[in-house]
Amino acid sequence: MSWTSAEIENATLGRASAPFEVGGLSIDSRKLRPGDLYVAIKGENRDGHDFTAAAFKAKAGAALVSKKVEGGPTVAVANTQRALEDLACAARARSDAAIVAVTGSVGKTTTKEMLKLAFGALGPTHVSGASLNNHWGVPLSVAGLPRGAKFGVFEIGMNHFGEIRALVGFARPHVALITAVAPAHLEFFGTCEAIADAKSEIFEGIVPGGTAVLPADSPYVERLAARARQNHVTHILRFGSIPGCDGRLLAYEEAGEGARIKAEILGKPVDARIGAPGLHIASNALGALLTVAAAGGDVLNAAAALKEFTALKGRGARFAAGGIDVIDESYNANPTSMIAALALLAKATGRRIAVLGDMLEMGPESAALHAGLAPYLEAADLVFLCGPLMKSLWDAMPAKRRAAYAASSAELAPTVTAALQTGDTVLVKGSNGSRMSVIVEALKARGA
Ligand SMILES: Nc1ncnc2c1ncn2[C@@H]1O[C@H](COP(=O)(O)OP(=O)(O)OP(=O)(O)O)[C@@H](O)[C@H]1O
Ligand SMILES: [Mg+2]
């Protein structure tokens, strides 16, 4: 049980129609578990109040609403988003858990999943679900923090100034981890310095005596550290490969489906097996382990749990289809993650094939950022590109690697599937909006 109706009334100043107890929270009637509190949020396109009947049908324990609804117990409030935020603050205030907030341009969800395993090996751990990192996802995740959790991990995302400032106020972390600063959402920020400053808003929510964990190899690390100090954060730790950093990668070696790393975390030698390959994945693991140390957790037990980590769907998960190995990176792309993914493709045996779609929200430098990937295409034997922005890369890339270009992923898919041979490794990557998942599905269908 996580909330009684009386506690919800106290936290939100709402009024319950009847006494009740609920378990978790959900804003989606399709994902709700029996006994959950259904929170009716008004979104841009839909009003959650239209789905309260569906929520009660799915056995919601109660609904948090700002309109009169039938079908089960409710708490009536003036504004459900505000009430959800109230619940988050109340859940946070009553918790003794060590709280971690994770932000960064790339690697938030990957690192959060690693922390779920790492802290999970040490005690009851609550982490944000899926990519619940926005203005309702963060309060929803924090409000779901169970009593008795020893660790809580929350992903915080943003594409505008001020967003992290607001969201970190619900998490109030003991440890704030910035995974990386990279050109993502550049169209809103203009420069990577501005992106670093926006990420730095996370320091404003750290509890007194808390810790900032920063990426040592980033050109912006000192800027981040300065911002942390300006916000009175005195414990600042760095992870990366440079000598003297607090969480340092000493050796990396690919092994089987994953990798083995040797590291030193706050002076302690740590060997870990990670169930997914890639130096970028190892970097996330290092950030995760230094975060565990900063939260007072046992790093050796935490590190042992990372062998269970596997690459996530659309973020490096691999599958075999009809004699072809597919690396599915269709969920997300920016120059940093493109380069990381191409570095992994370079190591494949057999023909290495890159199928790349547009990187979105890159701003005025977009064409140059796309064309700038040309040298990294040496990692591939054949390159297929699609989308209006990838035309710049097509024009800039070495002719001998050109396989085909098409305006959209749907147009490119049949050309790719027709060109493949047994033994090929195919990397499919692009921003979610470029719909590279169409090609992933075509590869699955070809294999079946
Ligand atoms: N440290 C890193 N450096 C470079 N690329 C990375 C790093 N970590 C993850 N990636 C790649 O970036 C992409 C997104 O990863 P992930 O979903 O973990 O990031 P995120 O920050 O949660 O993204 P979102 O903003 O969509 O929530 C994946 O392709 C992943 O392989
Ligand atoms: Mg994410």
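Computed from a prediction, not measured in an experiment: that's the story for all the values here.

Caption draft 1: Up close: the sheet that holds strand β7 (residues 74-76). Spatially, five strands are ordered β2-β7-β6-β5-β4 in an open sheet, and the strand pairing comes out mixed. Of all the strands in the sheet, the pair left with one neighbour each is β2 (15-16) and β4 (25-26). Bridging between strand β6 (residues 62-65) and β7 involves three bridges; their strand directions are parallel. Opposite Val65, over in β7, you have Ala76 as the bridge partner. Sheet strands in contact with helix α3 (residues 80-93) are β4, β5 (37-39) and β6, and its direction is about 120° off that of β6.

Caption draft 2: Expanded view of the packing of aromatic side chains. If you walk through the whole model with that rule in mind, you get three aromatic pairs. Between Trp394 and Tyr405, the aromatic rings sit 6.1 Å apart at their centres with planes inclined by 40°, giving tilted as the arrangement. Of this pair, Trp394 sits in helix α14 (residues 390-396) while Tyr405 sits in strand β21 (residues 402-406); the two residues are eleven residues apart in sequence, bridging distant segments of the chain. Judged by relative accessible area, which is 27%, Tyr405 ranks as partly exposed.

Caption draft 3: Representation of the pairing of strand β20 (residues 382-386) within the structure. Within β20, five of the five residues are buried, which leaves the element mostly enclosed by the surrounding structure. Of the two faces of β20, the one carrying Leu382, Phe384 and Cys386 and the one carrying Val383 and Leu385 are both buried. Across four bridges, the pairing between strand β19 (residues 352-356) and β20 is parallel. The residue of β20 that forms the bridge with Ile353 is Leu382. The handedness of the β19 to β20 crossover, carried by helix α13 (residues 366-371), is right-handed. Pairing between β20 and β21: four bridges, direction parallel. Each residue of the ladder has a partner; that of Leu385, found in β21, is Tyr405.

Caption draft 4: Structural context of the side chain of Ser128. Summarising the element assignment, Ser128 is placed in the loop between β9 (125-127) and α5 (137-143). For Ser128, a relative accessible area of 2% corresponds to the buried category. A polar atom in the side chain of Ser128 sits 2.9 Å from the backbone nitrogen of Glu155. If we ignore the near neighbours within four places in the chain, the residues touching Ser128 are Lys112, Ser141, Val153, Phe154 and Glu155.

Caption draft 5: Looking closely at the side chain of Asp328. Mapped onto the secondary structure, Asp328 falls in strand β18 (residues 324-329). The buried charged residue Asp328 lacks any salt bridge partner; its closest oppositely charged side chain belongs to Lys313, at an N-O distance of 4.8 Å. Setting aside residues no more than four positions away along its own chain, Asp328 makes contact with Lys313, Gly314, Arg315, Gly316, Ala317, Phe319, Val428 and Val440.

Caption draft 6: Structural detail: the environment of Phe151. Within the fold, Phe151 resides in strand β10 (residues 151-155). Judged by its relative accessible area of 8%, Phe151 falls in the buried class. Distance from Phe151 to Ala288, taken between C-alpha atoms, is 13 Å for residues 137 residues apart in sequence. Those residues in contact with Phe151 that sit more than four places away from it in its chain are Ala97, Ala98, Phe119, Leu122, Gly123, Pro124, Thr125 and His126.

Caption draft 7: Examining the sheet that holds β10 more closely. If you walk across this open sheet you meet the nine strands as β9-β10-β8-β11-β12-β13-β14-β15-β16, and the pairing is mixed. Pairing within the sheet leaves two strands with one partner each, and these edge strands are β9 and β16 (268-274). Looking at each pair of strands side by side, their axes are set apart by 20° on average, direction ignored. Here strand β14 (residues 247-255) pairs with strand β15 (residues 258-265) via eight bridges, running antiparallel. Of the residues in β15, the one forming a bridge with Glu254 is Ala259. Sitting on the sheet, helix α10 (residues 279-294) is in contact with β8 (98-103), β11 (175-178), β12 (211-215), β13 (235-240), β14, β15 and β16, with an inclination near 155° to β13.

Caption draft 8: Region of interest: helix α16 (residues 437-447). When α16 is considered as a whole, its buried residues turn out to be Ile439, Val440 and Leu443. End-on, the buried residues of α16 take up no more than an arc of 105°, which puts them together on one face. Buried residues along α16 sit in contact with β17 (317-321), β18, β19, α15 (409-419) and β22 (425-429).

Caption draft 9: Region of the structure containing the pattern of salt bridges. A complete count under the given rule lists 21 salt bridges for this structure. Note that Asp197 is salt-bridged to Arg223, the shortest N-O span being 2.9 Å. Residue Asp197 is found in helix α8 (residues 192-200), and its partner Arg223 is found in helix α9 (residues 221-230); the two are separated by 26 residues along the sequence. The buried category is assigned to Asp197, whose relative accessible area is 19%. By relative accessible area, Arg223 is classed as partly exposed at 32%. For Arg352, the salt bridge is made with Asp381, and the minimal N-O distance between the two is 3.1 Å. Note that Arg352 is positioned in strand β19 and Asp381 in the loop between α13 and β20, a separation of 29 residues in sequence.

Caption draft 10: A look at the pairing of β10. β10 sits mainly inside the fold: five of its five residues count as buried. Here β10 shows two buried faces, one formed by Phe151, Val153 and Glu155 and the other by Gly152 and Phe154. Inspection of the sheet shows β8 paired to β10 by five bridges, in the parallel sense. Across the sheet, the residue bridging to Ala98 is Phe151, located in β10. For β9 and β10, the ladder comprises three bridges, and the chain directions are parallel. Opposite His126, over in β10, you have Gly152 as the bridge partner.

What counts and how
- Along each chain, residues carry numbers from 1 onward, in the same order as the chain's sequence is written.
- Chains and ligands are labelled by the order in which they are written, letters from A for the one and numbers from 1 for the other.
- Reporting in this predicted model follows two pLDDT cut-offs: at least 70 for local features of residues, and 80 or more for side-chain atom pairs to be given and counted; totals over whole chains, interfaces and linings ignore these cut-offs and use all residues.
- Side-chain numbers here rest on the full set of heavy atoms in the structure, without hydrogens or water.
- Paired strands, as defined in this entry, are two strands with at least two bridges between them according to DSSP.
- Helix numbering and strand numbering both begin at the N terminus, where a helix is a DSSP run of H or I of at least 4 residues and a strand a DSSP run of E of at least 2.
- The criterion used for residue contact is that any of the two residues' heavy atoms lie within 4.5 Å.
- Structural elements are reduced to axes, namely lines fitted to C-alpha atoms, with helices fitted over the stretch in contact, and the angle between N-to-C directions of any two is expressed from 0 to 180 degrees.
- Only centres within 6.5 Å qualify two rings of Phe, Tyr or Trp (six-membered ring in Trp) as a pair; their planes then separate them into stacked at under 30 degrees, edge-to-face at over 60, and tilted for everything else.
- With a 1.4 Å probe rolled over the protein chains alone, any residue whose accessible area is under 20% of its type maximum counts as buried; one over 50% counts as exposed, and the rest are partly exposed.
- A crossover counts as right-handed when, viewed with the strands pointing away from the observer, the path leading from the first strand over the helix to the second turns clockwise.
- A 3.5 Å cut-off defines polar contacts: any pair of N or O atoms within that distance qualifies, except that in protein one atom must be a possible hydrogen donor and the other a possible acceptor, and neighbouring residues in sequence count only when both atoms are side-chain atoms.
- Note on charges: Lys and Arg go in the positive column, Asp and Glu in the negative column, and His and the chain ends are not counted at all.
- By salt bridge we mean one thing: a side-chain nitrogen of Lys or Arg within 4 Å of a carboxyl oxygen of Asp or Glu.
- It is the directions from the helix axis to the C-beta atoms whose arc is reported.

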